[in-house]
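This is what each chain is made of:
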Amino acid sequence: KKKKSRMKLLFENWRKYLDEVERFPDIATSQEDIQKSLDYFYQEHAPEYAQPEDLGDWKGHEMVKFGLSDGTVLFFAVDNEDSAKAYVAVEPFKEGYSVGNVRKTKGGGFYTTDLYKWLVDKFGSLYSDAKQTTAGEGIWRRLQQDPEITVEEPSEETEMRWRASK
């Protein structure tokens, strides 16, 4: 009898389990590995697909954009030695963009949340990816503490993604 009630509960509530943002393990890498990844994306990968566009200074870094033909946009925060210190890929989603791949070295005078806020200023709305690491969720939870933007937790309205807007 007890087994039946658990199964019944599972069947009654299966949607709740499916509607959560799918999590996957954090990519545990050293700062050196993150820098190698940033170097590859900035110096080799992005230039294969698009021309760099200089977006000007942001928090002591040059913001560089690569707009790909499929609508994906790659943004890099580059230091004065032309070394990428942060990278975020976004793609069109609903009325804004959703975050895909994100990489950032420690330090640099800004946090990933600052980069997300810059994207919200640029696009109006920013969504999380459908799949996310716990570190990724942590970025959204920290953004919730910021009084300058509105952050909504995943819901049916946001297609089970976080949404940040002005």
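Here the residue numbering is sequential within each chain, running from 1 through the sequence in written order. Per-residue local features of the predicted model are confined to residues with pLDDT of at least 70, and side-chain atom pairs are confined, for both listing and counting, to 80 or more; whole-chain, interface and lining totals are unaffected and use all residues. By convention in this description, side-chain values take in all heavy atoms of the structure and omit both hydrogens and water.

> When you look at the overall build of the protein in this model, what are you seeing that I'm missing?
Secondary structure is summarised from DSSP: a helix means a run of H or I of at least four residues, a strand means a run of E of at least two, and numbering begins at the N terminus for each. Scanning the protein from terminus to terminus reveals four helices and ten strands. When the helices and strands of the protein are placed in sequence order, the string is α-β-α-β-β-β-β-β-α-β-β-α-β-β. Only protein chains enter the accessibility calculation, which uses a 1.4 Å probe; a residue whose area is less than 20% of its type maximum is buried, one above 50% is exposed, and one in between is partly exposed. Here the protein, with 166 residues, has 41% of them falling under the buried criterion. Contact definition: two residues touch when any of their heavy atoms are within 4.5 Å. Sequence separation of 24 or more characterises 51% of the internal contacts of the protein that already satisfy a separation of 6 or more. Note on areas: these come from Shrake-Rupley sampling with a 1.4 Å probe, and a residue is covered only by the protein chains present in the view. In the structure as shown, the protein presents an accessible area of about 10200 Å², 49% of it carried by carbon and sulfur atoms.

> For this particular structure, what's the right way to read the pattern of salt bridges?
When the charged atoms of two side chains with opposite charge come close together, those side chains can pair. Salt bridges are defined by distance alone: a side-chain nitrogen of Lys or Arg within 4 Å of a carboxyl oxygen of Asp or Glu. All told, the structure shown has ten salt bridges when counted by the stated rule. Among the salt bridges present, the one from Glu-95 reaches Arg-163, with a minimum N-O distance of 3.8 Å. Taken as a pair, Glu-95 in the loop between strand 5 (84–93) and strand 6 (96–104) and Arg-163 in strand 10 (residues 163–165) lie far apart in primary sequence, 68 residues in all. The class for Glu-95 is partly exposed, based on a relative accessible area of 46%. In this structure, Glu-148 and Lys-117 form a salt bridge, with 3.1 Å as the shortest nitrogen-oxygen distance. With Glu-148 in the loop between helix 4 (134–144) and strand 9 (150–152) and Lys-117 in helix 3 (residues 112–123), this residue pair connects regions lying 31 residues apart in the sequence. On the basis of relative accessibility, which here comes to 59%, the residue Glu-148 falls in the exposed class.

> Please clarify how the packing of aromatic side chains should be interpreted in this entry.
Both the distance between ring centres and the angle between the ring planes are used here to describe each pair of aromatic rings. Here a pair means two rings of Phe, Tyr or Trp (six-membered ring of Trp) with centres within 6.5 Å. Their orientation is stacked below 30 degrees between planes, edge-to-face above 60, and tilted elsewhere. Evaluated as defined, the whole model comprises 14 aromatic pairs. Here a set of aromatic residues connected by ring pairs shows up, and it is made of Tyr-40, Phe-41, Tyr-42, Phe-66, Phe-76 and Tyr-87. Either the NZ atom of lysine or the CZ atom of arginine qualifies as a charge over a ring when it sits within 6 Å of the ring centre and within 35 degrees of the ring normal. Against the face of Phe-110 rests Lys-104, its NZ or CZ located 4.6 Å from the ring centre. Against the face of Phe-93 rests Arg-161, its NZ or CZ located 3.9 Å from the ring centre.

> What should I look at first to understand the side chain of His-61 in this one?
Here His-61 is to be found in strand 3 (residues 61–67). What makes His-61 buried here is its relative accessible area of 6%. In protein, a polar contact means a hydrogen-donor-capable atom and an acceptor-capable atom, both N or O and within 3.5 Å, with residues adjacent in sequence counting only if both atoms are side-chain atoms; elsewhere, any N or O pair within 3.5 Å suffices. At 3.0 Å, the side chain of His-61 forms a polar contact with the backbone oxygen of Lys-59. Each residue touching His-61, except ones within four places of it in the same chain, is listed here: Gly-56, Ala-77, Val-78, Asp-79, Lys-85, Gly-108 and Phe-110.

> What should I look at first to understand the sheet that holds strand 6 in this one?
Consider a sheet: its strands pair through backbone hydrogen bonds, and that pairing is either parallel or antiparallel. One bridge is not enough; two strands pair if DSSP finds at least two bridges between them. Reading across the sheet, the eight strands line up as 2-3-4-5-6-7-10-9 and stay open at both edges, with mixed pairing between neighbours. A single partner strand is all that each edge strand has here, and the edge strands are strand 2 (52–58) and strand 9. This sheet shows a mean twist of 25 degrees between the axes of neighbouring strands, independent of strand direction. The axes are straight lines fitted to the C-alpha atoms, using for helices just the contacting stretch, and the angles between their N-to-C directions are given from 0 to 180°. This element, helix 2 (residues 31–49), spans strand 3, strand 4 (73–78), strand 5 and strand 6 of the sheet and lies at about 55 degrees to strand 5.

> What exactly am I supposed to notice about the pairing of strand 6 here?
Remark: a regular strand shows side chains that alternate across the two faces of the sheet. Pairing of strand 5 with strand 6, which is carried by seven bridges, proceeds in the antiparallel orientation. The residue bridging Val-90 from the neighbouring strand is Val-99, located in strand 6. Hairpin connection of strand 5 to strand 6: two residues between the antiparallel strands, including Lys-94 at a positive phi of 50 degrees. Sheet topology note: the strand 6/strand 7 (residues 125–127) ladder contains two bridges and is parallel. Directly across from Tyr-97, in strand 7, lies its bridge partner Leu-126. Following the backbone out of strand 6, through helix 3 and into the adjacent parallel strand 7, one traces a crossover that is right-handed. For a crossover, the right-handed case is the one in which the path from the first strand over the helix to the second runs clockwise, viewed with the strands pointing away from the viewer.

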